[in-house]
Structure formats: C-alpha cells, structure tokens
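As a plain string of letters, each chain reads:
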Amino acid sequence: MKLPRFDSGRVLVFGDVMLDRYWHGSTERISAEAPIPVVDIQEVEDRLGGAANVALNIASLGGAAGLIGAVGEDESATILRAKLGSAGIEDGLVTMSDRPTITKFRIVSRKQQLVRADFELTDDIDSNVFQPMLDKRLQTCDVLVLSDYDKGVLADPQQAIQSATALKKPILVDPKFKDFTFYAGATLVKPNQNEFRVAVGSWSSEQEMVLKAQTMMSNLGFSSMLVTRGSEGMTLVQSNGQLMHLP
C-alpha cells in the first residue's frame, strides 16, 4: 500500500474541541485531612484534545489543518487558541458565552493518574451556530472530518454533511455511541469495534461482521467503513466489494 503525500492535503476538522490538562508531581505523604495522597505539583502540561487533537495529528503529518468547534470565554479557550496557532492550525472556533471550554483535568504522580475532573456542558448546540464558518472553510479544503465525542457540537451533523456533499468534498466520520443514521451520506465512517457492535449487534464470524458493515453502508449511503479493532488491527470495507485487513 502506497502512502499518500500528506503535505498536499487540506483537511477541515469539525467537532468537539477539548483541552487536556495534566498536573504532574511527586507523592510522598498522606493528607492529615483524609486518607488520600498529597501531590506536590512540579509540572503543568496542556494538550490539544478531542477534535483539536485530530487537527494536531493532521498538522504533524504535514497536512494543512483547519478546525471548527466551540469554546467558552475562559482561560482554557485562550490556551487552546495559542496551541492551535503554534501548530499552524487554522482557527475556526466559535466562542460561546453560555458554556465552558471542555477541559479534562488530570493529576498524575509516578506515571499513575490519581484523579480526573471534567469541566463541560454537553447539551446540543444548534448547527446554525457553525454554518457560516463551515460554509467559508469548506470552499478551500479537500476533505471534511467530523470528530464526534457526543459533547453537543455534532448533535445534528446532517447540515454539515449536506453542505460538503454539495461541494463534492469527501466526508470522514469518527463516530460516537449513537444511531449511525445521523451520519447518513458520509463517505467513510470509522467506528471502533465496540461502537460498531452497539450499532449493529454482535457477530460470530469475520464474514458476518463484514456483511453487517456492507448492509449498513448500503442503507446509509456510506462508500466505506473502517472498523478499528484494537489488538486485531483494522478492517476496511468498501462499497465496490474490496476488503482490506490491516493487522
């Protein structure tokens, strides 16, 4: 299999943007207030998470990445935007005053995660909030990636799918645990094995899994499905009948 020239790709990522924040420190004592470890924080690390991490991976491969999503009016949004700029990712984030930037906060000691706290609101966001930015950025991209973490941004992805289809832009979807009819008309859908099982039920053989994928593709208009399977690799099923398994 010949790998493509990633540096010639212009990819627009649309989805749930997050900031992954890590506090690293040493643990040498137990709190006098409760039977819990006291962590002496020595390092704070911020990473692009969710759909922002997808955009970062594209940029790291040499592609031109743009990002559309929602952030709040807070410190996390400022950090996110700065990191997008440093990575050369085109910032199409929409600021919303009524919800925080999704932030995953972790305390880590001795390479063990001790606690995680999530700051988020996950109620659905009207797709019209993003449509002006989407219409603008679709004009200059080669492909649209929908990165769905079920946090409200892609509550109804059909408007985005129809806009990209009208411009003949391929649509790649990384789905979450939801009815796959939400993604009808996409070019390629990439569920992991558990997400696919929830959507179609269990299977008893490789052939049955492939048949379930082909049936879903036919019903929902997908051209391809890529099922990621952990230690078993990945299976690509295409509407032209071709099948590829990557160990």
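As a reminder, the structure under discussion sits directly above these lines.
Everything in this summary refers to the structure shown in the same document. Please read all numbers here as calculations on a predicted model, not as lab measurements. (Residues numbered from 1 in each chain as written. Predicted model: local features only at pLDDT ≥ 70, side-chain atom pairs only at ≥ 80, totals over all residues. Heavy atoms only, no water.)

### Here's the deal with empty space enclosed by the protein
In this structure the tally under the stated criterion is 2 cavities of 30 Å³ or more. Around the largest cavity, the lining residues are D16, V17, A70, V71, G72, R99, P100, I102, L121, I125, K151 and V153. Of the residues contributing to the lining of the largest cavity, the split by class is 8 nonpolar, 1 polar and 3 charged. Space inside the second largest cavity adds up to approximately 30 Å³. Put simply, the parts of the chain that give the lining of the second largest cavity at least two residues each are α3 (131-138) and α4 (158-166). For the lining of the second largest cavity, the per-class residue count stands at 5 nonpolar, 3 polar and 1 charged. (1 Å grid on protein atoms, 1.4 Å probe; cavity = no way out; pocket = protein on both sides within 12 Å on 5 of 7 lines; lining within 4 Å. Points joined across faces, edges and corners; volume = space filled by probe spheres on them. Nonpolar A, V, L, I, M, F, W, Y, C, P; charged D, E, K, R; others polar. Helix = DSSP H or I, 4+ residues; strand = E, 2+ residues; numbered from the N terminus.)

### Some remarks on a nonpolar patch on the surface
On the surface, L3, F6 and L61 cluster together to form a nonpolar patch covering roughly 310 Å² of accessible area. For F6, the position within the fold is in the segment before β1 (10-15). (Patch = residues over 30% accessible without salt bridge, like charges linked within 9 Å, V, L, I, M, F, W, Y side chains within 5 Å. Areas by Shrake-Rupley, 256 points an atom, 1.4 Å probe, with all protein chains shown as cover. Salt bridge = Lys/Arg side-chain N within 4 Å of Asp/Glu carboxyl O.)

### A few points about the packing of helix α5 (residues 193-200) against helix α6 (residues 206-220)
Each packed pair of helices is defined by two parameters, the angle between the axes and the distance between the axes. Close contact between α5 and α6 brings their axes to 11 Å; oriented N to C, the two are set at 70°. Considering the angle they form, α5 stands roughly perpendicular to α6. As α5 packs across α6, the resulting crossing turns out to be left-handed. Side by side, α5 and α6 meet where F196, A199 and V200 of the first sit next to M209, K212, A213 and M216 of the second. (Axes fitted to C-alpha atoms, helices over the stretch in contact; angles between N-to-C directions. Parallel < 35°, antiparallel > 145°, perpendicular 65-115°, else oblique. Left-handed = near helix turned anticlockwise from the far one by under 90°. Contact = heavy atoms within 4.5 Å.)

### Overview of the nonpolar core
One finds F14, L144, L146 and F222 to be the most contacted residues of the largest nonpolar core, which totals 36 residues. Looking at this core, the element that brings in the most residues is α6, giving 6 residues. Setting aside residues no more than four positions away along its own chain, L146 makes contact with F14, L154, P157, A160, I161, I171, L172, V173 and D174. By size, the runner-up hydrophobic cluster in this structure holds 20 residues, among which are L19, A55, A65 and L67. (Core = buried A, V, L, I, M, F, W, Y, C linked by side-chain atoms within 4.5 Å. Buried < 20%, exposed > 50% of the residue type's maximum accessible area, 1.4 Å probe, protein only.)

### Some points on the pattern of salt bridges
Side-chain pairs of opposite charge can arise where the charged atoms are in close proximity. A complete count under the given rule lists 19 salt bridges for this structure. Between D40 and R29 there is a salt bridge whose closest N-O contact spans 3.4 Å. Placement of D40 in strand β3 (residues 37-50) and of R29 in strand β2 (residues 17-30) is noted, with a sequence separation of 11 residues between them. Classification of R29 as partly exposed rests on a relative accessible area of 48%. Between D118 and K104 there is a salt bridge, with the nearest N and O atoms lying 3.1 Å from each other. Taken together, the residues D118 in strand β9 (residues 112-119) and K104 in strand β8 (residues 102-109) connect sequence positions 14 residues apart. Residue classification places D118 among the partly exposed residues on the basis of a relative accessible area of 36%. A residue is classified by how much of its surface remains accessible, and K104, at 5% relative accessible area, is buried. Within this structure, K104, R116, D118, E120 and K151 form a network of salt bridges that share partners.

### Details of the sheet that holds strand β12 (residues 188-189)
Spatially, the 9 strands line up as an open sheet ordered β6-β4-β1-β10-β11-β12-β13-β14-β15, and their pairing is mixed. The open sheet has two free edges, formed respectively by β6 (90-91) and β15 (243-246), since each of these has just one partner strand. Note that strand β4 (residues 64-68) and β6 share 2 bridges and pair parallel. Residue pairing for β6: L67 is matched across the bridge by D91. The strands that α6 touches are β13 (224-228), β14 (234-238) and β15; relative to β14, the one it contacts most, it runs at about 45°. (Pairing = 2+ DSSP bridges.)

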